[in-house]
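Chain by chain, the residues run as shown.
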Amino acid sequence: MKRTALLHAELSHVIASLGHGDMLVLGDAGLPIPDGPRRIDLAVARGVPLLTDVLNAVLSEMQVESIVVADEALGDAKKLPAWYPQSLGIEPQTVSHEEFKRRTAKARAMVRTGECTPYANIILIAGVKF
């Protein structure tokens with residue numbers, strides 16, 4: 001799954017250990033982290049690091065099969081938020097924010113960023129590159 005080294009050792013280890021179908025959650029500073037998933041807190045200050053920064057670094061390391069975001073992240077116009085990686089060409093599955101939070105309990109790890117944008121949370125589901 002992992003292609004090269006990340007600067008953050010704990011996150012690098014998690015990506016290297018992901019198997020097909022495993023979930024990695026990247027969240028804003030306010031997303032509750034349930035008991036169970038490994039916690040990786042990268043937040044240094046408000047807005048540091050941004051979700052897009054962490055997401056881009058993770059995507060350079062991880063093969064992603066599918067993505068889940070909360071309906072609320074899409075806004076009234078139901079368009080993808082600015083932080084969504086459209087270059088992946090993967091249409092996200094959308095669920096309610098409550099369902100999103102329930103799914104996080106099954107993740108291998110949750111990464112907290114310094115992002116303070118409401119609903120700036122994403123579940124990345126690991127795939128296998130053949």
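What this report covers is the structure whose coordinates are included nearby. None of the values given here were measured: they were computed from a predicted structure. (Residues numbered from 1 in each chain as written. Predicted model: local features only at pLDDT ≥ 70, side-chain atom pairs only at ≥ 80, totals over all residues. Heavy atoms only, no water.)

1. Observations regarding empty space enclosed by the protein
Here is step 1: Applying the stated rule across the entire model yields one cavity of 30 Å³ or more.
Here is step 2: In this structure, the largest cavity occupies an estimated 30 Å³ of space.
Here is step 3: Taken together, Val25, Leu26, Gly27, Asp28, Leu31, Ile33, Met110, Val111 and Arg112 make up the full set of residues lining the largest cavity.
Here is step 4: Those elements that place two or more of their residues in the lining of the largest cavity are β1 (23–27) and β5 (109–112).
Here is step 5: When grouped by side-chain class, the residues that make up the lining of the largest cavity number six nonpolar, one polar and two charged. (1 Å grid on protein atoms, 1.4 Å probe; cavity = no way out; pocket = protein on both sides within 12 Å on 5 of 7 lines; lining within 4 Å. Points joined across faces, edges and corners; volume = space filled by probe spheres on them. Helix = DSSP H or I, 4+ residues; strand = E, 2+ residues; numbered from the N terminus. Nonpolar A, V, L, I, M, F, W, Y, C, P; charged D, E, K, R; others polar.)

2. So, the pattern of salt bridges
Here is step 1: For the structure on display, the rule yields six salt bridges.
Here is step 2: Here Arg38 ties to Glu10 by a salt bridge, and the two come within 3.3 Å at their closest N and O atoms. One end of the pair, Arg38, is in strand β2 (residues 38–41); the other, Glu10, is in helix α1 (residues 9–17), with 28 residues separating them in the sequence.
Here is step 3: Judged by its relative accessible area of 32%, Arg38 is partly exposed.
Here is step 4: Across the pair Arg102 and Glu99 runs a salt bridge, and its minimum N-O distance is 3.1 Å. Highlighted residues: Arg102 and Glu99, both in helix α3 (residues 97–104), separated by three residues, approximately one helical turn.
Here is step 5: In this structure Glu99 comes out as partly exposed when scored by relative accessible area, which is 24%. (Salt bridge = Lys/Arg side-chain N within 4 Å of Asp/Glu carboxyl O. Buried < 20%, exposed > 50% of the residue type's maximum accessible area, 1.4 Å probe, protein only.)

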